[in-house]
Amino acid sequence: MNAVEKTQALKETIAAKGSMLVAFSGGVDSTLLAVLTKDVLGNNTACVLLDSPVVPRAAVEQARQIARELGLELDIISIPLMEQEEFRKNPGNRCYRCKKISTVYLKQLAEELGLACIADGINVSDMDEHRPGLAASDEEGIVHPF
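This text gives an overview of the structure that appears in the document. (Residues numbered from 1 in each chain as written. Predicted model: local features only at pLDDT ≥ 70, side-chain atom pairs only at ≥ 80, totals over all residues. Heavy atoms only, no water.)

Digging into the overall build of the protein chain
- The number of helices and strands found in the protein chain is six helices and four strands.
- Each helix and strand of the protein chain, placed in order from N terminus to C terminus, yields the pattern α-β-α-β-α-β-α-α-β-α.
- The C-alpha radius of gyration computed for the protein chain amounts to 15 Å, which stays within 12% of the reference 15 Å derived for 146 residues, consistent with globular compactness.
- Within the protein chain, the proportion of its 146 residues that are buried is 38%.
- Excluding contacts between residues fewer than 6 apart, the proportion of contacts in the protein chain whose partners are at least 24 apart in sequence is 69%.
- Of the roughly 8200 Å² of accessible surface on the protein chain, 51% is carried by carbon and sulfur atoms.
- Counting 15 positive and 21 negative side-chain charges, the protein chain places the centres of these two groups 3 Å from one another. (Helix = DSSP H or I, 4+ residues; strand = E, 2+ residues; numbered from the N terminus. Rg over C-alpha atoms; globule rule 2.2 N^0.38 Å. Buried < 20%, exposed > 50% of the residue type's maximum accessible area, 1.4 Å probe, protein only. Contact = heavy atoms within 4.5 Å. Areas by Shrake-Rupley, 256 points an atom, 1.4 Å probe, with all protein chains shown as cover. Lys, Arg positive; Asp, Glu negative; His and termini not counted. Charge placed at Lys NZ, Arg CZ, Asp CG, Glu CD.)

As structure tokens, this is what we get:
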């Protein structure tokens, strides 16, 4: 499958969802997903960055700038990760716990906005790595259009 065919297949996957909340980090994958989702779904999409004390301030500002430059409306929601004992203890499954906690906030926003699903920029190359947060995302029904 060539790049044009892959892009068309991705757009069809996005369109089939009807509406989508994109978990946005400002990275290449979530940015591409956000742009394509906005192109395909128009106002039936939203982008959100979950902010917490563990997210570098520079990363938040970079995501804000990227969204602004691309004409994406970006909601930034502060989540109280450090108030969560299961996260603060820094256990071996911290990434899993973080994603479980984060998903609560994503689901709440998606429901408030009337959006059908939540998507992230996880891609095929990420599947070969140890990603405990990915297991939590799958359990919570987060879709991975890539």
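A short note on the pairing of strand 3 (residues 74–78)
- Across five bridges, the pairing between strand 2 (residues 45–51) and strand 3 is parallel. Looking across to strand 3, one finds that valine 48 is bridged to aspartate 75. (Pairing = 2+ DSSP bridges.)

Focus: the packing of helix 1 (residues 3–17) against helix 2 (residues 28–41)
- Axis separation between helix 1 and helix 2 bottoms out at 9 Å; the angle between their running directions is 65°. Judged by the twist between their axes, the crossing of helix 1 over helix 2 is right-handed. Facing helix 1, whose interface residues are Leu10, Lys11, Ile14 and Ala15, helix 2 presents Leu33, Leu36, Thr37, Asp39, Val40 and Leu41. (Axes fitted to C-alpha atoms, helices over the stretch in contact; angles between N-to-C directions. Left-handed = near helix turned anticlockwise from the far one by under 90°.)

Re the pattern of salt bridges
- All told, the structure shown has nine salt bridges when counted by the stated rule.
- Across the pair lysine 100 and glutamate 139 runs a salt bridge, and its minimum N-O distance is 2.9 Å. Of the two residues, lysine 100 sits in helix 5 (residues 94–113) while glutamate 139 sits in helix 6 (residues 132–139), which places them 39 residues apart along the sequence.
- Owing to a relative accessible area of 17%, lysine 100 belongs among the buried residues under this scheme.
- Its relative accessible area of 48% is what places glutamate 139 among the partly exposed residues.
- Here glutamate 140 and lysine 100 are joined by a salt bridge, their closest N and O atoms 2.7 Å apart. Taken together, the residues glutamate 140 in the segment after helix 6 and lysine 100 in helix 5 connect sequence positions 40 residues apart.
- Connected through salt bridges with shared partners, the residues Lys100, Lys107, Glu139 and Glu140 form a single ionic network. (Salt bridge = Lys/Arg side-chain N within 4 Å of Asp/Glu carboxyl O.)

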